[in-house]
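In case you want the letters, here they are:
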Amino acid sequence: QVQLVASGGGLVQPGGSLRLSCAASGSGFRIYGMGWYRQAPGKQRELVASISSGGSIDYTNSVKGRFTISRDNAKNTVYLQMNSLKPEDTAAYYCIAKLSLRPGVAATDYWGQGTQVTVSS
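Calculation criteria
Here the residue index of a chain counts from 1 through its sequence in written order. Given that the model is predicted, a residue must reach a pLDDT of at least 70 before its local features are reported, and side-chain atom pairs must reach 80 or more before they are shown or counted; all residues, however, enter totals for whole chains, interfaces and linings. Each side-chain value is worked out from all heavy atoms of the structure, with water and hydrogens disregarded. Stacked, edge-to-face and tilted are the three classes for Phe, Tyr and Trp ring pairs, Trp counted by its six-membered ring, which pair at centre distances within 6.5 Å; planes under 30 degrees apart are stacked, over 60 edge-to-face, the rest tilted. Charges are assigned to positions over rings by a cutoff of 6 Å between ring centre and Lys NZ or Arg CZ, combined with an angular limit of 35 degrees from the ring normal. A pair of cysteine sulfur atoms is labelled a disulfide when the two atoms are within 2.5 Å. The helix count covers DSSP runs of H or I at least four residues long, the strand count covers runs of E at least two residues long, and both are numbered beginning at the N terminus. Categorising residues by exposure relies on relative accessible area from a 1.4 Å probe, with only protein chains included: less than 20% of the type maximum marks a residue as buried, more than 50% marks it as exposed, and the intermediate range marks it as partly exposed. Only buried residues count toward a nonpolar core, which is a set of Ala, Val, Leu, Ile, Met, Phe, Trp, Tyr and Cys residues joined through side-chain atoms within 4.5 Å. Any two residues whose heavy atoms approach within 4.5 Å at even a single point are treated as in contact.

Peer 1: Looking at this model, I keep getting lost on the packing of aromatic side chains. Mind explaining?
Peer 2: In this description, a pair of aromatic rings is defined by centroid distance and the angle of the planes. What the rule picks out here adds up to one aromatic pair. Arg19 extends its terminal NZ or CZ atom over the ring of Tyr79, reaching a point 4.1 Å from the ring centre. Its guanidinium or amino end placed over the ring of Trp111, Arg45 lies 4.8 Å from that ring's centre, counting from NZ or CZ.

Peer 1: Looking at this structure, how should I read the state of the cysteines?
Peer 2: Put plainly, a disulfide is one covalent bond tying together the sulfur atoms of two cysteines. Enumeration according to the criterion identifies one disulfide in this entry. Note on cysteine connectivity: Cys22 is disulfide-linked to Cys95, with sulfurs 2.0 Å apart. Handedness of the Cys22-Cys95 disulfide follows from its S-S torsion of about 50°: it is right-handed. Taken together, the positions of Cys22 in strand β3 (residues 18-25) and Cys95 in strand β9 (residues 91-100) put the pair 73 residues apart, joining distant regions of the chain. The class for Cys95 is buried, based on a relative accessible area of 0%.

Peer 1: Explain the nonpolar core here, please?
Peer 2: Across soluble globular proteins, nonpolar side chains have a tendency to be buried as a group. Trp36, Phe67, Val78, Leu80, Met82 and Tyr93 are the most contacted members of the largest nonpolar core, which totals 30 residues. Elements supplying a minimum of two residues to this core: β1 (3-7), β3, β4 (30-39), β5 (46-51), β7 (67-72), β8 (77-82), β9 and β11 (115-119). It is β9 that provides the largest number of residues to this core, a total of five residues. Once residues within four sequence positions are removed from consideration, Tyr93 is found in contact with Leu20, Trp36, Tyr37, Arg38, Val48, Phe67, Leu80, Met82, Gln113, Gly114, Thr115 and Val117.

Here's what the structure looks like:
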């Protein structure tokens, strides 16, 4: 069984930085794409950043130039470095990984638990 465990959220002042991590645990699986979503109260969940197994990266426009996504394949971990944080970045952040449990099994999406990011003075 695979689990995604996210960490790194917290309370930060505007202009500050946080680094989120999300590690996949288990054995025998293969990870393809990884990414981060966020959901603010009363809003739909939105894709913040994604990174493919080949390293292709996409960001939603509102975080370009401020957030950086990266991954460590040896550790099955995806990171989200968030700089110049704004109050509108406040949300629960969720990691996602598209992975296959074993060879021959179709890849599906796995979600980590949310980690809260609050940007406030």
